[in-house]
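# Fold and geometry: a report
The chain contents come next:
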Amino acid sequence: MTKQLPPLHPGEILREEFILPYGLTAGKVAKACGVPRTRIERIVNEEKGLSGDTALRLAKFFRTSPEFWMNLQSLYEVQVAKREIGEKIEEIEPIDIAD
C-alpha cells in the first residue's frame, strides 16, 4: 500500500511560492490587498480556503490571474472530496445516453 501525499492546499502555494521568497508577511500581503490580516494568516496556515474575492486581490498584488488561485482551490477541494467519498463515487452508474 503506497502512502499518498495530502492534497496541496492553496495556502501552501501562497506561503512557499510567494510570501517566503519575497520576504513578505501575512500582514504585509493583507494590508496591500485590503483584507484582514487574519484572512491571509488562516489561508497560509491552511485553515481556510480562498474565495473569489481573495483570488482577485492576490492576483492583482502578485501579478497572476484570479483563475490561478481559484484553480488551486478547486483542485484542492476535488482531491479532498475524492479521498472522502471516492469509493461511493465509484458505485454510481453513469447514465447511458443513446443517440
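Residues numbered from 1 in each chain as written. Predicted model: local features only at pLDDT ≥ 70, side-chain atom pairs only at ≥ 80, totals over all residues. Heavy atoms only, no water.

### A look at helix H3 (residues 37-44)
At 3.6 residues per turn, the α-helix brings residues three or four places apart onto the same side. Our working definition: Exposure classes here rest on a 1.4 Å probe applied to the protein chains alone. A residue is buried below 20% of its type maximum, exposed above 50%, and partly exposed in between. Secondary structure counts use DSSP, requiring at least four H or I residues in a row for a helix and at least two E residues in a row for a strand, with both numbered from the N terminus. Working definition: the arc comes from the directions between the helix axis and the C-beta atoms, pointing outward to the latter.
Within the sequence span of H3, burial applies to Ile40, Ile43 and Val44. When H3 is viewed along its axis, its buried side chains cluster within an angular range of 90° and face the same direction. Downstream of H3 by a residue or two, Glu46 has a phi angle that is positive, lying close to 60°.

### What to know about the pattern of salt bridges
Going by this rule: When a carboxyl oxygen of Asp or Glu is within 4 Å of a side-chain nitrogen of Lys or Arg, the pair counts as a salt bridge.
Going through the model one piece at a time under the given rule, you end up with five salt bridges. Taken together, the shared-partner salt bridges in this structure form one network comprising Arg15, Glu16 and Glu46.

### Thoughts on the packing of helix H1 (residues 10-19) against H3
In helix packing, the relevant descriptors are the interaxial angle and the interaxial distance, both defined with respect to the helix axes. To keep things clear, this is the line we draw: Every axis in this analysis is a line fitted to C-alpha atoms, fitted for helices over the stretch in contact. Angles between the N-to-C directions lie between 0 and 180 degrees. Here the angle decides the label: under 35 degrees means roughly parallel, over 145 means roughly antiparallel, 65 to 115 means roughly perpendicular, and every other value means oblique. Throughout, a contact is declared for two residues whenever any of their heavy atoms are within 4.5 Å. Each residue gets one label: Ala, Val, Leu, Ile, Met, Phe, Trp, Tyr, Cys and Pro are nonpolar, Asp, Glu, Lys and Arg are charged, and the others, such as Gly, are polar.
Interaxial distance between H1 and H3 falls to 6 Å at its minimum, and their mutual angle equals 100°. With respect to H3, the axis of H1 lies roughly perpendicular. Facing H1, whose interface residues are Gly11, Leu14, Arg15 and Ile19, H3 presents Ile40, Ile43 and Val44. Here the contact of H1 with H3 is composed, by residue class, of five nonpolar, one polar and one charged.

### Details of the packing of aromatic side chains
Convention followed: In this scheme Phe, Tyr and Trp rings, the latter by its six-membered ring, pair at centre separations within 6.5 Å, and the angle between planes marks the pair as stacked below 30 degrees, edge-to-face above 60, and tilted otherwise.
Going through the model one piece at a time under the given rule, you end up with seven aromatic pairs. Between Phe18 and Phe68, the ring centres sit 6.1 Å apart and the planes meet at 65°, which makes this aromatic pair edge-to-face. Highlighted residues: Phe18 in helix H1 and Phe68 in helix H5 (residues 66-90), separated in sequence by 50 residues. When its relative accessible area of 11% is taken as the criterion, Phe18 is described as buried. Centroid distance Phe61 to Phe62: 4.8 Å. Interplanar angle 70°. Geometry classified as edge-to-face. Take Phe61: its relative accessible area is 32%, and that puts it in the partly exposed class. Assessed through its relative accessible area of 12%, Phe62 is described here as buried. Connected via pairs of aromatic rings, a cluster forms that spans Phe18, Tyr22, Phe61, Phe62, Phe68 and Trp69.

### A short note on the side chain of Gln73
Topologically, Gln73 is positioned in helix H5. Since its relative accessible area comes to 5%, Gln73 is described here as buried. In this structure Gln73 touches Pro10, Gly49 and Leu50, once residues within four positions along its chain are discounted.

Structural measurements only, silent on function.
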